[in-house]
Structures are given as C-alpha cells and as structure tokens.
Amino acid sequence: MNWETLTGQQKIVSRVLRHALERQELAHAYLFEGSRGTGKRQTALLLAQTLLCEAPENGAPCQQCRNCRRIASGNHPDVIRIAPEEGAATIKKEQIAYLMKEFTFHGVESAKKIFIIEEAEKMTTQAENSLLKFIEEPHEGTLALLTTDHIHQLLDTIISRCQVLTFLPLTDRAVESALEEAGQPHQLARLAAELTHDESEAAALCADPWFAGARAQVLQLVLKLSNSAEPALPFIYEKFSPDFDSNQRMIIGLDLLLFWYKDLMSLQLDRTGAVIYDDQTDVLRNQLIRLSRDQILQSMELIMSARKQLDAHVNGLSVLEWLVIRLGGIR
Ligand SMILES: [Zn+2]
C-alpha cells in the first residue's frame, strides 16, 4: 500500500490521515472500521512506515529502507501487531498484557512505538478493559491502531476513545488495480474483482493456480456451446467437471460463465468498456453475430437458475448437465 493507492481507494481516510501527519496532530488511537478487504491492515502498516521510514520522500515512505521492509514483513521491534492467535476465536487478556508491558518501554530504536490490534472486536471483555486503561492514559510517542470488521461488537468506551475512520467497500476497478499493482495479470485481476469486492479474497483467488485454470475451462466451454459441431456434454464430463469438484467451485464456474453472456450483452449495447473478458472481444463479437438479445437474456436466466439450484445444494454435475443441454439448445 502507498498513499496514492490509499487515496484512490479510501479518499476520506487518506485525507484525514495525511492532514494529521502534516500538522503533526495524529490522535493517539485510531479505530479503522469497515468490511473485510477494504485495506485497513495495509493502511495501518502504511502509517507505521510513514512514521518510521529512514528516507521518506515528500512525507511518503520509501518502501525500500530497512525500517519500511521490516514493517512490511512484521519484524520491526517498535511496531507490534496483535491478532487472534492461529485458530483462536479471541484476543486474550495475556496478549493485551504483553502489549501493555511493551508500552512501558520506550521505542527500541526510536522514540516512537506503534501497536496494531487486528480484528479488535475479538478481544475478550477482560482484554478490552485492560486496553481501555492504556487508551485513557496514553504514553508519549505511542500510537495505537485498531482494525475491525464489526465495530458494533466493540465496547462503546473503546470506540469513544479512538478516532474512528470508516473504510468503504472497494469498487471493481479499485480491487482490479490493487491486484494489478500487486503483480497479478490483468485478466485474472479483472475477473477476480468482478467476483468479489473483498481485496484479500480476490488476491487469494488470483494466487490460486486453480483460478486461471477455471477461466481457461470456461472459455473452452463457451466455444463448444456456440458450435453445434462440438458436443459440449463429453467435454463437461471429461474435462470441465473434474476441475469444479465442489459446489463452491461450481458456483464460481457459473459466475465466470455468466460474465461471458454479460459481455455479449455489453457489446450488444455498445458498452465496450464494461467487457470483462476484454482479451476475447473478437470471439465475443463473432458469437454476437449469431445471437439475438433475447437469446443472450435467456442464457443468462438459465445460468442464474442453475446457480440457485447449487445454492440449494443440488449436485453440481447434475446442475451443469441440465444447464449445458439447455444452453446448447439456444443457438
Ligand atoms: Zn523507508
């Protein structure tokens, strides 16, 4: 995360924090709240880097120096992160006690110490109460950053002692550019961003080799569906269905298929910019010649109805058979 990206994704949060940094008027405790995958944790790290970077440029961290790199990898002695322990449902009092002990020392390497409490709503009441004491009597040079997806599960007393910053859900395009910035290929980033606005979920999808394979399978399927000389059912049994071996994966498969028909519709309406499979426009245009708007709509309805059957836990392969036979009939 850098400040430009944050400004693109969370304009108000970025403005409030930059303003406070410029005037050296940071609050001593912030609560970053908003749904999953909106960049709260990355923003906490960005703020820590901004405060501790050895070679900042125009107030922005270099992301290269030893401090920036150690903060990014979670190894800076003055940036302490607390989250529920692996597999645990709560942040325990002992974890907060450890944090409080750390608070009593000055920064190891500088006068600053930054504490990040992730999923703060998972603190036990005891943990919250011990944290409260700290927030009420802040130590000089320390900054507490809390993040939560569920602000209403936090004690009011904690909320009222923090400056609350709300992170809004990201748009498709913001997720897409964040993924591309992280090095994901454009096509996968675009597809994942269309599936979910949760940046971390989208990143996990892109990182899973299965996802690129799923895209390739769907592209093969749409070719077979549009060409009567190539029967789709054997392809479904032999190639397609083994890759979509759970209803959860099949749902993603159907969404990817639905995007194809949405793309046909976008082209039909001359909305080229909305096309998701934007490296396939030639194939799309080719199919569009032979399909009416009604046929595209019918296909989309069939896919949505198949998706509903999957939600109702009907066996994935039977749903797919049902769908492919009907989609094949529309041409
Ligand atoms: Zn730096």
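All values derive from a computational prediction rather than experimental measurement.

S.K.: Looking at this model, I keep getting lost on the pattern of salt bridges. Mind explaining?
M.R.: One pass over the structure, following the stated rule, counts 14 salt bridges. For Asp198, the salt bridge goes to Arg36, with nearest N and O atoms at 3.0 Å. Taken together, the residues Asp198 in the loop between helix H9 (186-195) and helix H10 (199-207) and Arg36 in the loop between strand E1 (29-34) and helix H3 (40-52) connect sequence positions 162 residues apart. Between Arg173 and Glu176 there is a salt bridge whose closest N-O contact spans 3.5 Å. With a gap of three residues between them, Arg173 and Glu176 both fall in helix H8 (residues 172-181), about one helical turn apart. Look at Glu176 and you get buried, because its relative accessible area is 7%.

S.K.: Help me out: how do you make sense of the confidence of the model for the protein chain in this one?
M.R.: When pLDDT drops low, the exact placement of atoms in the prediction is not to be read closely. For the protein chain, the mean per-residue pLDDT works out to 91, and 98% of the residues sit at or above 70. Within the protein chain, strand E5 (residues 163-167) carries the highest mean pLDDT (97), whereas helix H5 (residues 93-104) carries the lowest (82).

S.K.: How do you make sense of the packing of H8 against H10 when you look at a structure like this?
M.R.: Two quantities define a packed helix pair, namely the angle between the axes and the distance from one axis to the other. Put simply, H8 and H10 touch, their axes get as near as 10 Å, and they point 50 degrees apart. The pairing of H8 with H10 is recorded here as oblique in orientation. The hand of the H8/H10 crossing is right-handed. In this structure, H8 uses Val175, Ala178 and Leu179 to contact H10, whose residues at the interface are Glu199, Ala202, Ala203 and Cys206. Looking at the contact of H8 with H10 residue by residue, the classes come out as six nonpolar, no polar and one charged.

Scoring rules and cut-offs
Residues numbered from 1 in each chain as written. Predicted model: local features only at pLDDT ≥ 70, side-chain atom pairs only at ≥ 80, totals over all residues. Heavy atoms only, no water. Salt bridge = Lys/Arg side-chain N within 4 Å of Asp/Glu carboxyl O. Helix = DSSP H or I, 4+ residues; strand = E, 2+ residues; numbered from the N terminus. Buried < 20%, exposed > 50% of the residue type's maximum accessible area, 1.4 Å probe, protein only. pLDDT = per-residue confidence, 0-100. Axes fitted to C-alpha atoms, helices over the stretch in contact; angles between N-to-C directions. Parallel < 35°, antiparallel > 145°, perpendicular 65-115°, else oblique. Left-handed = near helix turned anticlockwise from the far one by under 90°. Contact = heavy atoms within 4.5 Å. Nonpolar A, V, L, I, M, F, W, Y, C, P; charged D, E, K, R; others polar.

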